[in-house]
Amino acid sequence: MNSFYLPILIILCVALIWLALAFAFLRRRLDRYTRTIRKIADGDLPVAGLSENEIGLETLSLAVKSLVDMQQARISSIDTQRAELATVLDRMTDGVLIVDGAGKIQFANPAVESIFEIKDPVGRTVVEVLRQYKLVEAWQRSQASGQPEEESVELSARHQFLQLVVLPDQRTGGSLLLVQNLTRVRRLETIRRDFISNVSHELRTPLASLKALTETLREGALDDPKAAPRFLGRIETEVDALTQMASELLELTRIESGQVPLEFIKIPSTALLFSVADRMRAQAERAGLTISIDSPQLLPDVKADPSRLEQVLVNLIHNAIKFTRSGGEVVLSAQRDGDMVRFSVQDTGIGIPADDLERIFERFYKADRARSSGGTGLGLSIARHIVEAHGGRIWAESKEGRGSTFYFTILVER
Ligand code: ADP
């Protein structure tokens, strides 16, 4: 009996031990796979993936491996998209805010900080960040109705024009707020509107005179040998004024739109003053004025487009002559000012009221007292554009009745 069962017993024992070992081995592998799959589910991917026959179960191993690869590809594509989105949000000039249902800011891009002049908006409330009651009300309306809302405000203290769009998120109960700074667009619109109205206004006066003059001629003055040449002379003056305005306008538009290529070369500052003074001397003398130069002998050269720089000086001297009574003087000078040369044109003329000083460089702006001077109001605007295109600055100082000084700076040539 014993000798009969013993081998069977031994075989059974060996089989049991083998089974137990195989089971333990399998268990350990499966545990490892379970852990790996859990990690994958948590988004924590094994860097090198898994070997294909780690437990000898090729199919399972391959399935897990392809799952890992797929997840890895998906996560890296999400990472790329997230990085792209973050770059867009960082660079955007419009403000983007994500607000939760309670009105707390969950996310704000950098533009929000600059638009609302507030540091670290995240964690603050909508009221703290938006501050303007009209904007806050728009957000409240959208929260109450669940509908998108739009609102715009003009912040006169900061000369800003803002537009807010609130997009509610039904899912979270919060909302997405987009804030656009429309200040520049608004300013351009105003400039364009003012420009058109100014041009029409400036055209109306000479055109009305031309109409009146031609009618007078038609109604008989043409046959009056004394009156006819006088009227023709006045027509010619009006046409000249219109022609000058048209050419200055064209010039201004070309400079503004960058169509006038500047050719920068080295220009000796003092020589430039002498050459322009010579050019303008006859005109100054005809008006009973003296023109002189007051500048140090040793001045650095400047880097500029010679004909444009001369144009600035000519415009300034032309004004100085126009607005100074006979017997007065015009002094040109230049001085080094850091890495710039500061040119100036000083006159002893009628001066400019303090209120007008800021505005004389605007297109068509004429100080009230100069209304009858017959200018176009474009000369200083052209000068400003040229100086700014050179990287310089132009400004004026004046005392009414005592005279004005116009300054502008141009970079020194190194
Ligand atoms: P315009 O001389 O054709 O009217 P500008 O743009 O050159 O146009 O000048 C704008 C205005 O600035 C002038 O109408 C005048 O009121 C004022 N202005 C400019 N230069 C002088 C000056 N040297 N003295 C007094 N007023 C000046």
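(A) Looking closely at the pattern of salt bridges. Per the counting criterion, the structure on display carries 13 salt bridges. Across the pair glutamate 251 and arginine 308 runs a salt bridge whose closest N-O atoms are separated by 2.4 Å. You can see glutamate 251 sitting in helix 7 (residues 227–256) and its partner arginine 308 sitting in helix 9 (residues 306–322), a full 57 residues away along the chain. Judged on exposure class, the residue glutamate 251 and its partner arginine 308 are both buried. A salt bridge links arginine 414 to aspartate 339; its shortest N-O distance comes to 3.6 Å. Here the residue arginine 414 occupies a position in the segment after strand 12 (403–411), and aspartate 339 occupies one in the loop between strand 9 (329–337) and strand 10 (340–347), the gap between them amounting to 75 residues.

(B) Up close: unusual backbone geometry. In the Ramachandran plot, glutamate 117 falls in the positive-phi region, its phi being about 50 degrees despite a non-glycine side chain. Summarising the element assignment, glutamate 117 is placed in the loop between helix 3 (110–116) and helix 4 (126–130).

(C) The sheet that holds strand 9, seen in detail. Read from one edge to the other, the open sheet built from five strands follows the order 7-9-10-12-11, with strand pairing classed as mixed. Lying at the two open borders of the sheet, with one neighbouring strand each, are strand 7 (290–293) and strand 11 (394–399). Direction aside, the axes of adjacent strands within the sheet are offset by 15 degrees on average. With four bridges connecting them, strand 7 and strand 9 associate as parallel partners. Of the residues in strand 9, the one forming a bridge with isoleucine 291 is valine 330. Across the face of the sheet, helix 9 comes into contact with strand 7, strand 9, strand 10, strand 11 and strand 12 while running at roughly 175 degrees to strand 12.

(D) Here's a closer look at the nonpolar core. Among the nonpolar cores identified, the biggest contains 49 residues, and Phe343 and Phe408 are the most heavily contacted of them. Considering each element in turn, this core owes the most residues, eight residues, to helix 9. Two domains each provide a minimum of three residues to this core, namely domain 3 (204–256) and domain 4 (265–411). Excluding anything up to four places from it in sequence, phenylalanine 343 contacts Ser269, Leu272, Leu273, Val302, Ser333, Ala334, Phe406, Tyr407, Phe408 and Ile410. Listed in part, the 22 residues of the second largest apolar core include Ala108, Trp139, Leu162 and Leu164.

(E) Representation of the side chain of asparagine 315. Among the structural elements, asparagine 315 can be located in helix 9. The buried category is assigned to asparagine 315, whose relative accessible area is 18%. Of the polar contacts made by the side chain of asparagine 315, one reaches the backbone oxygen of glycine 379; its length is 3.0 Å. Look past the residues within four positions of asparagine 315 in its chain and what remains in contact with it is Gly379, Ile382 and Ala383.

Rules used in this analysis
Residues numbered from 1 in each chain as written. Predicted model: local features only at pLDDT ≥ 70, side-chain atom pairs only at ≥ 80, totals over all residues. Heavy atoms only, no water. Salt bridge = Lys/Arg side-chain N within 4 Å of Asp/Glu carboxyl O. Helix = DSSP H or I, 4+ residues; strand = E, 2+ residues; numbered from the N terminus. Buried < 20%, exposed > 50% of the residue type's maximum accessible area, 1.4 Å probe, protein only. Pairing = 2+ DSSP bridges. Axes fitted to C-alpha atoms, helices over the stretch in contact; angles between N-to-C directions. Contact = heavy atoms within 4.5 Å. Core = buried A, V, L, I, M, F, W, Y, C linked by side-chain atoms within 4.5 Å. Domains from an automatic or database assignment. Polar contact = N/O pair within 3.5 Å; in protein donor to acceptor, adjacent residues only side chain to side chain.

Such coordinate-based values are descriptive only and should not be taken to indicate function.
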